[in-house]
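Structural features, examined
Residue strings, one per chain:
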Amino acid sequence: MLTKDRLTKAGLNIPFHRSAMGEEEVQAVSSVIRSGWLTMGAKTFQFEREFAQYIGASHAVAVSSCTAALHLALDAIGLRPGDEVLVPTNTFTATAEAVTYMGGRPVLVDIDERTLNISVVDAEEKLTSRTRAMIPVHFSGLPCDLDEIHALAKSRDLHVIEDAAHSLPSLYRGRRIGKISELTAFSFYATKPLNTGEGGMITTENDTYAHRTRQMRLHGISHDAWKRNSAEGEWRYEVLEPGYKYNFTDMQAALGVVQLAKCDAMFEARRRIAECYTQALQSMEALEVPVTQADRESSWHLYVLRLQTKQLRIDRRQFIAELAERGVQASVHFTPLHLQPAYQRLYGYKQGDLPVAERQYYRCISLPIFPTMSEREVQYVTSCVTDIVDLFVR
Ligand SMILES: *Cc1c(COP(=O)(O)O)cnc(C)c1O
């Protein structure tokens, strides 16, 4: 066992995330800049084609963020003011926020204690005559129980939009996330599995949804409006709907094409790190490592360790502070939305409303997991965690 002094002397500083950008990305963006066409154009469409092919989806529509993707997906299904949408409470605010953009009401659902994903049992209890859709989130990259979710949705005629911000690539019963539900939203935010700085993607099998989201991402103007300012473009265009300014850019797409080619290698790297963590930590009684399920594969966007708090003399906050003292930056995903002031004020949620998520929240620590982590860094993190447990175990 390493003492705290020796750990500190090792002098490692491990951020929660370090981006996996290289010279190839620099070159790709430079060449877009030199081409003179910076915003949405040929490079974006190339990225969309390659992304659709990677997922096996019929359509991929690139947009400015996953939040925008969720908004456009809710627009595509025609969500109306007052409609309710089931959203797990342990997600980023974007999932629920997008519902409010449409005048809808996000109805927060508790989670399954084992997987930390939306509880289908609780979802069923939260159904009302106004429920129109569900947005399951594949938390940490581990796919939700999609067959059960689709069975529930079918029985009540609900739409299913997947929030796949964490799940590139994730596999559910042999199928890639992104080709299973009507609409799926991905994120290319800086810390997400594929990084274009900012960005998002909608995948769908539905031609009408693809057409609608393509139109609405660029002001609701007719199809080829993106080239209205180019030589071969037509100056005349028609505004068919008041849409949004949610388009992608070719600079982002240049990053996306390079990152997509590395997507499997980055996934492999994260999977190996997760394996090392689990190997090193699973025998410690004060810790609970993430579940794996035989019929699905996580992208390992997050590695969420849970503390058996009764066996430790420190709480989760102090545990994270101890890691920070050793140079390891950990994080927490997520503060349940029903504990956030905005959702409490708007919808009357209060502490205790969704007890499973709350109990798990106080136990969760997200360890650093990113493709450029060296073996030495991974081992350093595990020795810090075991050191802290040994110091503070009851
Ligand atoms: C990051 C994240 C989003 C939002 O992604 P953006 O691309 O930043 O809009 C949505 N849902 C979840 C679960 C996320 O983690």
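Above this text is the structure in question.
Residues numbered from 1 in each chain as written. Predicted model: local features only at pLDDT ≥ 70, side-chain atom pairs only at ≥ 80, totals over all residues. Heavy atoms only, no water.

Here's the deal with the packing of aromatic side chains
Definition in use: Classification of ring pairs uses Phe, Tyr and Trp, with its six-membered ring standing for Trp, and accepts pairs whose centres are within 6.5 Å; under 30 degrees between planes counts as stacked, over 60 as edge-to-face, and the remaining range as tilted. What counts as a helix is a DSSP run of H or I of at least four residues, what counts as a strand is a run of E of at least two, and both are numbered from the N terminus. Three exposure classes are used, based on accessible area relative to the maximum for each residue type with a 1.4 Å probe and protein chains only: buried under 20%, partly exposed in between, and exposed over 50%. For a Lys NZ or an Arg CZ to count as sitting over a ring, it must be within 6 Å of the ring centre and within 35 degrees of the ring normal.
Applying the stated criterion across every chain, the model contains 13 aromatic pairs. Where F47 meets F248, the ring centres are 5.7 Å apart and the plane angle is 15 degrees; that geometry is what we call stacked. Placement of F47 in helix 3 (residues 42-55) and of F248 in the loop between helix 8 (207-216) and helix 9 (250-261) is noted, with a sequence separation of 201 residues between them. F248 carries the same exposure label as F47, and that label is buried. Among the aromatic residues, ring-to-ring pairing joins F47, F51, F186, F188 and F248 into one connected group. In this structure, R176 is placed above the aromatic ring of Y54, and the distance from its NZ or CZ to the ring centre is 4.2 Å. One residue, R316, lies across the ring of Y361, its end atom 4.7 Å from the ring centre.

Brief notes about the sheet that holds strand 2 (residues 84-88)
Put simply, the test is: Should DSSP find at least two bridges between two strands, the strands are taken to pair. What counts as an axis is a line fitted to C-alpha atoms, over the stretch in contact for a helix, and the angles between N-to-C directions run from 0 to 180 degrees. Only heavy atoms matter for contacts: two residues are in contact if any of them lie within 4.5 Å across the pair.
With mixed pairing, the 7 strands of this open sheet are ordered in space as 1-9-8-5-4-2-3. Across the chains shown, the open sheet's two edge strands, defined by having one partner strand only, are strand 1 (59-63) and strand 3 (105-109). Neighbouring strand axes in the sheet, compared pairwise and without regard to direction, differ in orientation by 25 degrees on average. One ladder, built from 5 bridges, connects strand 2 with strand 3; its direction is parallel. In the strand pairing of strand 3, V87 is matched with L108. Along the sheet face, helix 4 (residues 66-76) touches strand 1, strand 2, strand 5 (159-163), strand 8 (183-187) and strand 9 (200-204) and points at about 165 degrees away from the line of strand 8.

Here's the deal with the site of the ligand
Convention followed: Near, as used in this document, describes a residue that has one of its heavy atoms within 4 Å of the molecule or strand being considered. Identification of polar contacts relies on pairs of N or O atoms within 3.5 Å, with a donor-acceptor requirement for protein atoms, meaning one able to donate a hydrogen and the other able to accept it, and with residues adjacent in sequence counted only if both atoms are side-chain atoms. Per-residue and other accessible areas follow the Shrake-Rupley method at a 1.4 Å probe size, with only the shown protein chains counted as cover for residues. Only Asp, Glu, Lys and Arg are considered charged in this grouping, and only Ala, Val, Leu, Ile, Met, Phe, Trp, Tyr, Cys and Pro are considered nonpolar; every other residue, Gly among them, is considered polar.
Close to the ligand lie 16 residues, the nearest being T67, D163, H166, S187 and K192. Here an oxygen atom of the ligand and a side-chain polar atom of S187 are 2.7 Å apart. Separating an oxygen atom of the ligand from a side-chain N or O atom of K192 is a distance of 3.0 Å. Within the complex, 93% of the 390 Å² of free accessible area of the ligand lies under protein. Those elements that provide at least two residues to the shell around the ligand are helix 4 and helix 5 (93-101). The residue inventory of the shell around the ligand, partitioned by class, reads 7 nonpolar, 7 polar and 2 charged.

Digging into the nonpolar core
Quick reminder of the rule: Nonpolar core, defined: a set of buried Ala, Val, Leu, Ile, Met, Phe, Trp, Tyr and Cys residues in which side-chain atoms within 4.5 Å join the residues together.
By size, the foremost hydrophobic cluster in this structure holds 71 residues, and its most contacted members are F47, F51 and L74. With 8 residues, the top contributor of residues to this core is helix 4. Excluding residues within four positions of it along the chain, F51 makes contact with A60, L168, F186, F188, M201, T203 and L260. Counting residues in each nonpolar core, the second largest holds 35 residues, with I14, L281, A330 and M373 among its members.

Points about the sheet that holds strand 10 (residues 287-288)
Taken in spatial order, the 3 strands of this open sheet run 10-12-13, and their pairing is antiparallel. Looking at strand neighbours, the two that pair on one side only are strand 10 and strand 13 (364-367), the edges of this open sheet. Inspection of the sheet shows strand 12 (residues 303-307) paired to strand 13 by 4 bridges, in the antiparallel sense. Within the sheet, the bridge partner assigned to L305 lies in strand 13 and is I365. In the packing of helix 11 (residues 316-325) onto the sheet, contacts are made with strand 12 and strand 13, and the angle to strand 13 comes to roughly 20 degrees.

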